[in-house]
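So you can see what is in the structure, the chains are spelled out below.
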Amino acid sequence: MAAAAPEAGVPTGALWGLVQDFVMGQQDGPAEQVVADVKSGSYTVLQVVEALGSSLENPEPQTRARGIQLLSQVLLQCHSLLLEKEVVHLILFYENRLKDHHLVIPSVLQGLRALSLCVTMPPGLAVSVLKAIFQEVHVQSLLQVDRHTVYNIIINFMRTREEGPFVEELFEVTSCYFPIDFTPPPNDPHGIQRDDLILSLRVVLASTPQFAEFLLPLLIEKVDSEILSAKLDSLQTLNACCAIYGQKELKDFLPSLWASIRREVFQTASEQVEAEGLAALHSLTACLSRSVLSADAEDLLDPFLSNILQDCRHHLCEPDMKLVWPSAKLLQAAAGASARACDHITSHVLPLLLEQFHKHSQSNQRRTILEMILGFLKLQKWSYDDKDERPLCGFKDQLCLLVFMALADSSAQLQLVGIRALTVLGAQPDFLSSEDLEQTVDHLYRLSFLEEDSQRCRVAALEASGALATLYPGAFSNHLIPKLAEELHRGESDFARGDGSPKCSPHLRCLQALSAVSTNPSIVKETLPLLLEHLGRINKGNVVTGPSDIIAVCQSLQQVAEKCQQDPESYWYFHQTAVPCLFALAVQASMPEKEPSVLREVLLEDEVLAAMVSVIGTATTHLSPELAAQSVTHIVSLFLDGNTSFLPENSFPSRFQPFQDGSSGQRRLVALLMAFVCSLPQNVEIPRLNQLMRELLELSCCRSCPFSSNAAAKCFAGLLNKHPAGQQLDEFLQLAVDTVEAGLGSGPTRHQAFTLLLWVTKALVLRYHPHSSSLTTQLMGLLSDPELGPAAADGFSLLMSDCTDVLTRAGHAEVRIMFRQRFFTDNVPALVQGFHAAPQDVKPNYLKGLSHVLHRLPKPVLLPELPTLLSLLLEALSCSDSVVQLCTLSCLQPLLLEAPQVMSLHVDTLVTKFLNLSSSPSMAVRIGALQCMHALTRLPTPVLLPYKPQVIRALAKPLDDKKRLVRKEAVSARGEWFLLGSPGS
Amino acid sequence: MVGGGGGGVGSGLLENANPLIYERSGERPVTAGEEDEQVPDIIDAREIFDLIRCINDPEHPLTLEELNVVEQVRVQVSDPDSTVAVAFTPTIPHCSMATLIGLSIKVKLLRSLPQRFKMDVHITPGTHASEHAVNKQLADKERVAAALENTHLLEVVNQCLSARS
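It should be emphasised that the depicted structure is a prediction, and the values quoted were computed from it without experimental measurement. (Residues numbered from 1 in each chain as written. Chains lettered and ligands numbered in written order. Predicted model: local features only at pLDDT ≥ 70, side-chain atom pairs only at ≥ 80, totals over all residues. Heavy atoms only, no water.)

**Details of the overall build of chain A**
- Summing up its helical and strand segments, chain A has 51 helices and 0 strands in all.
- Since a compact globule built from 985 residues should have a radius of gyration of about 30 Å, the 38 Å found for chain A marks it as more spread out than a globular shape.
- Look at the contacts in chain A between residues 6 or more apart in sequence, and 72% of them connect residues 24 or more apart.
- Accessible surface, chain A: about 42,400 Å² in total, of which carbon and sulfur atoms supply 53%. (Helix = DSSP H or I, 4+ residues; strand = E, 2+ residues; numbered from the N terminus. Rg over C-alpha atoms; globule rule 2.2 N^0.38 Å. Contact = heavy atoms within 4.5 Å. Areas by Shrake-Rupley, 256 points an atom, 1.4 Å probe, with all protein chains shown as cover.)

This is the structure in C-alpha cells:
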C-alpha cells in the first residue's frame, strides 16, 4: 500500500476509517497511523482535512475538538511538508476556530503551535495569529498546559522576530510570572525545579530589545524590593538582557539602574546579591561599550562611567577608609567590561590611589590601597597596538616605586600584596625596564630566604620568581642563579664544618628557590647541573649528612621535573641528565665496601629511595615512546646484566647483580627499577620482560629484606596491570598465583606471599580483570587468619586508595574510573556475610576491611546503600579500632542529615555512643563524634528533648579539649543543642 | 533588664538605618600544629573572636563583625589564667540595642567556653552614653540569668546566635 503514490488513486476509504475510529470511536491509536501515512506520502494533509470534513462541523463541541485534535497532531509532526499556500489556509482556518467553544481551544492552540514552527510562513501571518489569540482567548485564565502552548507559540514567533505591534501584550502575559515564586510539590513526577522555570522565563524576557521599556522598570522595582530571591533574579535577568540590548534601550534607565546596583553593593548583607550586582554593572558597561551609535546619538559610556566615578571616588579618599571595598569593586566591575571603560576609569582612579598610598603611613592602610591598585592592574588585559597608548604607561615609575616600597616594608601583609602586584606588572609586555628587573630579582632573592614565620611571603616570592622567570629568563640567569649557586656552596662548607642543618636552613631555601625558577628551558640547563653536582658533592663529602638533606635535593629535582613536563625538549634533557646520575649514585652506594660508610647507608634508606623514586617517576611518565625505548634498554640491561656503561660514573669495585647474589643494598634498588618501568607509556615494549617478571617474582618472596620484596611485588603488579590481555598475561598471572599459593602455605614467607597477593589483586581490580574476583575472595578469606587477619583488613585500604608511585593514572596504569563502586557492589555483601559468620575474635577484621571500602567510596554512591548497613554500623560504633570508629562516624553523619526519621529509632544508642567517642584518644574520632552530635539535632525535636540536659552537660567537656579543631566542633554542636526547643530557634 | 530595648526590635524603624559595613575575615587557616594530635592549641584571641564575630545583629541582617561592633583587637584572653575580656563598640552612642548585644556575646561565650573561664563583656570605653549602666548589668550574674528566663529576650538572643541561613 505504501508503494501506491497519492496520484495513483489513494484508498481514501482506509483514511476515512482511521479518522472515524479516532473521532467517533475515541481511540487514540489511529492518529499514529495517519501521521505515519502522511509522512510516507500516502496521503496529503489536504486529504486528511477532507476526510475530517463533517466532524469539523459537527454540532457537538467534543466531536469538533476531537477532529481538530487529530489534525493538530498530524500538523505537529508533518509541518515541514506543508506548502506556503497550505500554511495560509490552515492558519485562516485555525484563527477562525479560536472563536469556537472553550473545549475546542486546547486543540486549536496545538495546531497553531504546529504552524508556528513552519519555516514557510508568509510575512504578517505571525502578527495575525497573535492578534487572534489575544482577541479571542483570555490567556491568563487558560489551564497551565494550554498557557504553556501559547508561550511556545510566542517563543517560536520570537525566533522570526515578528512580535510587531503586540509587544506590550506579549510582555504582559509573560512578565506576570516574574519573579518566579515556585516550590515543586513533594513527589512531583515532572521533576520541574524552581530554577528551570526561572531560566525559561528569563529566555523569553531577555529575547527581544523591544521589551526593554517595560522590562527595565519592572527589574528596577524588583531589585528595590525586600525579597532576596527577587533581587537576584532581577539582577541576573538584567545581565542577560545586556547581551542583546544597545544603548538605545538602556538610555532612559541608566541613572535608576546605577542607583539600584550601587545601593545593593554598598548595603547588602548577601554576598550573592553583591556578586550579581557587580556582574550586572559589568554587563551594562560592556553593552554601552559595544553599542554602535547612530550619527546623531551621543555616546553614553563616558557619562555613565563619570557618574560611577563621581559616586565612588570620594569613598576611596576618605581617611577612615570606610566603604572603600564596595566602591573599588564597583569601579573594577565597570572597568573590566571593555578597553575604553578600563582606560577611562584607570586613568582617573590610579593617580588618586597612588596619592592615597603616600598619604597614609600605616602598613595596613597601605595594604588596602595597594590591594585596590592591584585589582585595577589585573584588569589591564586589553591589547594595544601602540605601546604608548597603554593606560599604565604614564604611571610606570610611580607604580614601580610603590611596589618596591611595599616589598621592603616590615609588614608581611603589605609585602604579600606587593609580590602579587609585582607579578602582574611583570606580565605587562615591555613594562619593566632592565633596571626594574634587576631590582625585582634582588627583592625576590631576599624574600625567598625569609624566616619561618613569613612562610606565606616566601612561598609567594617563589611563585612570583617562577612566573617572572618564564618571561625574563635572562634577568634571572644573570642576577639570581649565580647568587643561588654561591649560597649552595656556602651550605656545603657548613655541612663540612658539621653545622647541623635544621629543617628550614638557608640550604633548603636555596634548593626551593632553584626549583622555583626552573620554569624556562634555558634556566633548567643551569639549575639542573647545579642540583646534581650538589648532590654528588654531599654524597662524596666526608661528613655525616642526614637523609633529610638528600631528600630535600630530590624534592627540588622533582619540582624541576614537573616544570619540565610541558616542554618535550627540556623534559628529555632532564631525563637524560638526571636519571642516569641518580642510578649511578645509588649503584655506587650499593657496592660492598671494606669499611661501611654511614653516608652510603643514608642513600639507601627507605625514605631516601622513595624520594628518588618520585624523581625518576616524574622524569619518565611524559617521555615519548621513541625516547622511552632508548632508556628502557639501558635500564633493563643494568638490572639483568649489571651493564653499567650508560652511567656517568661507571667504574665500580664489583658487579651490580641485584637479582642474583648481590648484596642486600643492591636488591633495594629494585625500587628505582620500579619507578622507571612502571612509569613508561603502555605502548613501550620492555625488552626481556619474561625474564624480568620471573626475577621480580622470586625477589618478592625473598625473606631477608621487606623493602626489596615489597618493591619487587609492586613492580611486578605495575607491569602486570599494563600488560595487554593474552596468553603471556595469563602465564604471568598463573606464575603469580602459584607463587602466592606456595608462599601462603608454608610458614616463613607467608607475609611476603600475602603482600604479593595484595598487589596483584590491586593490579587486576583496577583494570576489571575477570581474575580479580577470585583473588579478592582469597584475600577476604585471610581476614579470619589468626596471623594475617589484621594485615588483610588493612589491605582493603590499599586496594581502595590511590598509590603515588605505582599503578597511577599519571604512570599510564590501566585504572577504570568506577573501580571503587564496582568493588563495593561485588564484595560488600560477602564482607557483611563474612562478618556475621566470623568468630568473635576476628569480627573486627571484617569491620575494618568494610570500613576501608566504605570510607573511600564517593558519598552519593554510598548514601542509598547505607540503610541496609545500618545495624552493622551501629554495632561498629562499639568496635575499639579507631579506623573503624572514624569510618562509621563518617557514614552515619550524612545518614543523620538525610534520613532523620529512620535514625530517630536509635537515638538512645547514638547519643550514648557519640558522647563516648567524643573523648576518644584520636583527634579525628573526637571531631567525627562531635559532628555527629551536631547532625543529631536534625532529628525531630520531641525525640531529642529528653536528652538535652544530659547532652549539654556532656558537651561542656570537649569545649576544653586541647585541640582547637575539636573545640570548634564542640562549640557548634553544643550551640545547636542549646537552641533545640528554645524560643527563637 | 534591657531598658527600652524592645522598642527597636521588629518595630520597623531602625535607629541606624544606614550603617557602615566592614569586610568579613575569612575562616582561620588550619595550621600543621593544629592537625598534630600531640600539640595542645591554647585558646587565643582569634579563637574567641571566631566565636563572636558571626553573632547576628538584633536589627540588621548583618553580623557583629560586619558592623565592626566586635574586633579581634578588643579581645583579651589568657588560657592559663582562664580569663577572657571582650569589649564591644555599639554602632552609635545612643544605641538601645547595646545591652542586648552584650547579652548575646555573653551567652555565646557561656555556651562555648569551658566552665573554668571567668568572662567579662563590656562596652569599649567612651563609645556609649550609658556605658556604665550597661556594663554593670552585664557583669551581674543574677540579672543575666534572670534575663534568660524571659522568653521574649531568650528568643531574641537565640535569633542572634542562630546560624544565618
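**With respect to the pairing of strand β1 (residues 75-78) of chain B**
All names here are of chain B.
- Sheet topology note: the β1/strand β2 (residues 83-88) ladder contains 4 bridges and is antiparallel. The partner of S78 across the bridge, within β2, is T83.
- The turn joining β1 and β2, which pair antiparallel and follow one another in sequence, is formed by 4 residues; a positive phi near 55° is taken by S82. (Pairing = 2+ DSSP bridges.)

**What about the pattern of salt bridges?**
- With the rule as written, the count across this model stands at 43 salt bridges over all chains.
- Between D397 of chain A and K396 of chain A there is a salt bridge, with its nearest N and O atoms 3.6 Å apart.
- Note on K396 of chain A: relative accessible area 18%, which makes it buried.
- Its salt-bridge partner being R967 of chain A, residue E47 of chain B comes within 2.7 Å of it at the nearest N-O pair. Taken together, the residues span two chains, with E47 of chain B in helix α2 (residues 45-52) and R967 of chain A in helix α51 (residues 964-979). (Salt bridge = Lys/Arg side-chain N within 4 Å of Asp/Glu carboxyl O. Buried < 20%, exposed > 50% of the residue type's maximum accessible area, 1.4 Å probe, protein only.)

**A short note on the packing of α2 of chain B against helix α3 (residues 98-112) of chain B**
All names here are of chain B.
- Two numbers describe how α2 lies on α3: the axes approach to 9 Å, and their chain directions differ by 120°. You can see that α2 and α3 cross each other, and the crossing is right-handed. Along the contact surface, α2 presents I48, L51 and I52, while α3 presents I105, K108, L109 and S112.
- Split into classes, the residues belonging to the contact of α2 with α3 amount to 5 nonpolar, 1 polar and 1 charged. (Axes fitted to C-alpha atoms, helices over the stretch in contact; angles between N-to-C directions. Left-handed = near helix turned anticlockwise from the far one by under 90°. Nonpolar A, V, L, I, M, F, W, Y, C, P; charged D, E, K, R; others polar.)

**A short note on the UniProt feature "domain: MIP18 family-like" (unreviewed entry) in chain B**
- Here, UniProt's "domain: MIP18 family-like" (unreviewed entry) annotation points to residues 47-120 of chain B.
- Each end of residues 47-120 of chain B is marked by a C-alpha atom, and these two atoms are 16 Å apart; helix forms 28% of the span and strand 18%. (UniProt positions renumbered as here; feature names shortened; annotations may be inferred.)

**What about a negative patch on the surface?**
Residues and elements named next belong to chain A.
- A cluster of acidic residues, E168, E169, E172 and E213, forms a negative patch on the protein surface.
- Top contributing element to the negative patch by residue count: helix α9 (residues 167-175), with 3 residues.
- On the secondary structure map, E168 appears in helix α9. (Patch = residues over 30% accessible without salt bridge, like charges linked within 9 Å, V, L, I, M, F, W, Y side chains within 5 Å. Lys, Arg positive; Asp, Glu negative; His and termini not counted. Charge placed at Lys NZ, Arg CZ, Asp CG, Glu CD.)

**Focus: the packing of aromatic side chains**
Residues and elements named next belong to chain A.
- Enumeration over the complete set of coordinates arrives at 7 aromatic pairs over all chains.
- A ring pair is formed by F93 and Y94, whose centres lie 5.4 Å apart and whose planes are at 75°; its orientation type is edge-to-face.
- The exposure class of Y94 is buried, given its relative accessible area of 0%.
- Relative to F656, the ring of F639 lies with its centre 5.4 Å away and its plane at 75°, an arrangement referred to as edge-to-face. With F639 in helix α32 (residues 625-641) and F656 in the loop between α32 and α33 (664-668), the pair connects residues that are 17 residues apart, well separated along the chain. Pair check on accessibility: F639 and F656 agree, each one buried.
- Among the aromatic residues, ring-to-ring pairing joins F171, F211 and F214 into one connected group.
- For the cation-ring pair, R668 lies above F707, with the distance from its terminal atom to the ring centre recorded as 4.5 Å. (Phe/Tyr/Trp six-rings, centres within 6.5 Å; stacked < 30°, edge-to-face > 60°. Lys NZ or Arg CZ within 6 Å of the ring centre and 35° of its normal.)

**Some details on unusual backbone geometry**
- Residue L807 of chain A is not a glycine yet carries a positive backbone phi of 55°.
- Mapped onto the fold, L807 of chain A is located in the loop between α40 (789-800) and α41 (819-837).
- With phi around 65°, N68 of chain B is a residue other than glycine that occupies positive phi space.
- Tracing the chain through its elements places N68 of chain B in the loop between α2 and β1.
- The class of N68 of chain B is partly exposed, set by a relative accessible area of 22%.

**Considerations on the interface of chain B and chain A**
- Counting residues at the interface gives 39 residues for chain B, matched by 29 residues for chain A.
- In total, about 2,800 Å² of surface goes out of reach between chain B and chain A, with carbon and sulfur atoms giving 49% of it.
- If you look at where chain B meets chain A, you find 7 salt bridges.
- Residues belonging to the side of chain B that touches chain A are distributed by class as follows: 15 nonpolar, 8 polar and 16 charged. (Buried area = accessible area lost by both parts, 1.4 Å probe.)

**Considerations on the domain arrangement of chain A**
- You can read the domains of chain A as domain 1 (432-490 + 505-517), domain 2 (518-591 + 600-687) and domain 3 (866-984).
- Once you take the C-alpha centre of each, domain 2 of chain A and domain 3 of chain A turn out to be 50 Å apart. (Domains from an automatic or database assignment.)

**Some points on the state of the cysteines**
- For the coordinates displayed, the defined rule picks out 0 disulfides over all chains.
- Here C932 of chain A stays unpaired: no disulfide links it, and the sulfur of C891 of chain A, its closest cysteine neighbor, is 9.7 Å away. (Disulfide = S-S within 2.5 Å.)

**Examining the packing of helix α45 (residues 882-898) of chain A against helix α48 (residues 923-936) of chain A**
Residues and elements named next belong to chain A.
- Two elements in contact, α45 and α48, have axes separated by 9 Å at closest approach and are oriented at 20°. The angle between α45 and α48 falls in the class roughly parallel. As for how α45 packs across α48, the hand of that crossing is left-handed. Touching S882, Q885, L886, L889, Q893, L896 and L897 of α45 are A924, V925, G928, A929, Q931, C932, A935 and L936, all from α48.
- For the contact of α45 with α48, the per-class residue count stands at 10 nonpolar, 5 polar and no charged. (Parallel < 35°, antiparallel > 145°, perpendicular 65-115°, else oblique.)

**Considering the sheet that holds strand β3 (residues 118-123) of chain B**
All names here are of chain B.
- Judged by pairing direction, the sheet is mixed, and its 3 strands sit side by side in the order β1-β2-β3 without closing on themselves. Sheet topology places β1 and β3 at the edges, where each strand pairs with a single neighbour. Taking each pair of neighbouring strands and ignoring which way they run, the sheet shows an average axis angle of 5°.
- Contacts between α2 and the sheet are confined to β1 and β2, with β1 contributing the most and set at about 125° to the helix.
- Relative to the sheet, α3 contacts β2 and β3, its axis offset from that of β3 by approximately 160°.

**Regarding the environment of T63 of chain A**
All names here are of chain A.
- With respect to the secondary-structure elements, T63 resides in helix α4 (residues 61-78).
- Taking the C-alpha atoms as reference points, T63 and V19, separated by 44 residues in sequence, lie 12 Å from one another.
- Discounting residues that sit within four places of it in the chain, T63 has contacts with V23, M24, S55 and N58.

**Structural notes on α41 of chain A**
Residues and elements named next belong to chain A.
- The terminal C-alpha atoms of α41, which comprises 19 residues, lie 27 Å apart, in line with the 27 Å expected from a rise of 1.5 Å per residue.
- Of all bends in α41, the biggest is about 45°, found at N827, and the proline P829 comes one to four residues later.
- Three or more residues of α41 are buried, namely F819, R820, Q821, F823, F824, N827, V828, L831, V832, G834 and F835.
- Looking at the buried positions of α41, the neighbouring elements they touch are α38 (750-766), α39 (772-781), α40, α42 (843-856), α43 (859-862) and α44 (866-876). (Expected span 1.5 Å × (residues − 1). Bend = angle between axes of the 7 residues up to and from the residue.)

**What to know about the side chain of S679 of chain A**
All names here are of chain A.
- Relative to the elements of secondary structure, S679 occurs in the loop between α34 (670-677) and α35 (689-700).
- A residue is classified by how much of its surface remains accessible, and S679, at 4% relative accessible area, is buried.
- With near-sequence residues (within four places) excluded, S679 lies in contact with G617, T620, T621, M674, K722, G811 and H812.

**Considering the environment of L257 of chain A**
- Locating L257 of chain A in the fold gives a position in helix α14 (residues 254-267).
- Discounting chain neighbours no more than four positions away, the residues touching L257 of chain A are L216, I220, L238, L250 and L284 of chain A.

**Some remarks on the side chain of S448 of chain A**
- With respect to the helices and strands, S448 of chain A occurs in helix α22 (residues 434-448).
- Dropping the residues within four chain positions of it, S448 of chain A is found in contact with R458, A461, L462, S465, R509 and A513 of chain A.

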